[in-house]
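# A look at the structure
Chain by chain, the residues:
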Amino acid sequence: MIEIGKNNTLSIIREAEFGVYLDGGEFGGVLLPKADVPAGVTVGDKVDVFLYLDTDDFIVATTRVPLAKVGEFGYLKVAEVNNIGAFLDWGLPKQLLLPYGEQRKPLEVGQKVFVRVYIDNSDRLAASAKIEKFLEPAPEHLKMGQQVSLSIWRRSDLGFLVLVDGQYQALLHNQDLFRTVRVGQTLDGYIKRVLEDGKVDVMLDKPGYGKVDELSRRILEDLEDRGGHSPLGDKSAPEDIYQTFGVSKKAYKMSIGALMKQGLITISPNGIDLK
């Protein structure tokens, strides 16, 4: 069974001057335009394609990869606005409709908006900026320090609202932001805590000493490369630490503290030194 708005692997059933036709099962032949036909394929070969509807609502295939598929979230640019809604550039020839009823606020050409791609009641592909209605409750058995995938959704007074594993909402607090993040970005993160009301807090660095072992090795290697001294100490700016090691100041301080307890380094107001 083929799925609109997703990738499908279909067989070539015949060639035409303007492309090839793929076996669309109950939908019949599905056109893969000539510009998208991989070199060297012939009748009987299978091709991985994305299926969507053209301007006449016929199913058409492409080997291009859209910026978001059905069931996924994307941060897309508004290409056009008319009396139907906003049309978004999602990387395909036909733009994706974001109806007025699915917008959180009026949009203008050039703006970007965080949306979920779905199939509407007319079996057409569409986008919605009303993300909340697609979210699920957080799982019951989340563990502190559990690694998850975070999609930065939108700004709040406390930090950033994020989507965890594309399923439920969490908060990334300002106090846990040790590097710049932007809406639409997807990055690894960790469960910080689960509150009694079921709300979830996340962070970008693993809680506790989760990164110390790996980071300690890198700090020692950096010290050796520098001849035994580094100006990066426990008083250094978080930005300088992140630029060198890609971690928060808190993680760095825990690491050099552990190295000092092991007798491998000394810490001074001027930085750290190998013993």
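See the structure printed just above.
Note that the structure is predicted; figures quoted are calculated from it, not measured.

This next bit is on the overall build of the protein chain. Per the secondary structure count, the protein chain includes three helices and 18 strands. On the principal axes, the C-alpha backbone points of the protein chain span a range of 75 × 45 × 40 Å. Residues classed as buried in the protein chain amount to 42% of the 275 residues present. Of all intrachain contacts in the protein chain linking residues separated by at least 6 positions in sequence, the fraction that spans at least 24 positions is 53%. When the accessible surface of the protein chain is summed, it comes to about 15300 Å², and 47% of that surface belongs to carbon and sulfur atoms. Computed over 34 positive and 39 negative side-chain charges, the separation of the two mean positions in the protein chain equals 6 Å.

This part covers the sheet that holds strand β6 (residues 73–81). On the basis of which strands lie adjacent, the open sheet formed by five strands has the order β8-β7-β6-β9-β10 and antiparallel pairing. On the outer flanks of this sheet lie β8 (96–99) and β10 (125–128), each paired with one strand and no other. The average angle at which neighbouring strand axes cross in this sheet is 55°, direction not considered. Pairing of strand β7 (residues 85–89) with β8, which is carried by four bridges, proceeds in the antiparallel orientation. Residue pairing across strands places L88 opposite L96, the latter belonging to β8.

Attention shifts here to unusual backbone geometry. Even without being a glycine, D57 presents a positive backbone phi close to 65°. As for its position among the elements, D57 is in the loop between β4 (46–53) and β5 (59–62). In this model, D165 sits at a positive phi of 55°, which is unusual for a non-glycine residue. You can see D165 is positioned in the loop between β12 (159–164) and β13 (168–173). Using a relative accessible area of 39% as the deciding quantity, one classes D165 as partly exposed.

Attention now moves to the pattern of salt bridges. Two side chains bearing opposite charge may form a pair once their charged atoms approach each other closely. Tallied over the full model, the rule gives 10 salt bridges. With its nearest N and O atoms 2.8 Å apart, the salt bridge here joins D176 to K192. One end of the pair, D176, is in the loop between β13 and β14 (186–194); the other, K192, is in strand β14, and 16 residues separate them in sequence. In this structure, D222 and R226 form a salt bridge, with 2.7 Å as the shortest nitrogen-oxygen distance. On the accessibility criterion, D222 (16% relative accessible area) is buried. Through salt bridges that share partners, R104, E132 and R154 make up one connected network.

Right, let's get into the nonpolar core. Counting residues in each nonpolar core, the largest one holds 34 residues, and the members touching the most others are L22, L51 and L88. Ranked by residues supplied to this core, first place goes to β4 with six residues. Judged by nonpolar contacts, the second largest core, of 17 residues, contains V162, V164, L187 and V200.

Before going further, it helps to examine the side chain of K192. Assessed through its relative accessible area of 18%, K192 is described here as buried. If we skip the residues at most four places from it in the chain, K192 touches M144, Q175, D176, D201, V202 and M203.

Relative to strand β9 (residues 112–119), β6 runs antiparallel, the two sharing five bridges. In the strand pairing of β9, K77 is matched with K112. Pairing analysis gives four bridges linking β6 to β7, with the strands arranged antiparallel. Bridge pairing links K77 to D89 in β7. Once β6 ends, the chain turns through three residues before running back antiparallel as β7.

Locating R116 in the fold gives a position in strand β9. It is E136 that comes nearest to the buried, bridge-free R116 among opposite-charge side chains, at 7.0 Å.

Where burial is concerned, the two faces of strand β15 (residues 200–203) agree: the one with V200 and V202 and the one with D201 and M203 are both buried. Bridge count for β13 against β15 is two bridges, and the pairing is parallel. Within the sheet, the bridge partner assigned to L171 lies in β15 and is D201. Looking at chain direction, β14 and β15 are connected through four bridges and run antiparallel. Within β15, the position partnered with Y190 by the bridge is M203. Hairpin connection from β14 to β15: five residues lie between these consecutive antiparallel strands, with G198 at a positive phi of about 90°.

The rules we used
Residues numbered from 1 in each chain as written. Predicted model: local features only at pLDDT ≥ 70, side-chain atom pairs only at ≥ 80, totals over all residues. Heavy atoms only, no water. Helix = DSSP H or I, 4+ residues; strand = E, 2+ residues; numbered from the N terminus. Buried < 20%, exposed > 50% of the residue type's maximum accessible area, 1.4 Å probe, protein only. Contact = heavy atoms within 4.5 Å. Areas by Shrake-Rupley, 256 points an atom, 1.4 Å probe, with all protein chains shown as cover. Lys, Arg positive; Asp, Glu negative; His and termini not counted. Charge placed at Lys NZ, Arg CZ, Asp CG, Glu CD. Pairing = 2+ DSSP bridges. Axes fitted to C-alpha atoms, helices over the stretch in contact; angles between N-to-C directions. Salt bridge = Lys/Arg side-chain N within 4 Å of Asp/Glu carboxyl O. Core = buried A, V, L, I, M, F, W, Y, C linked by side-chain atoms within 4.5 Å.

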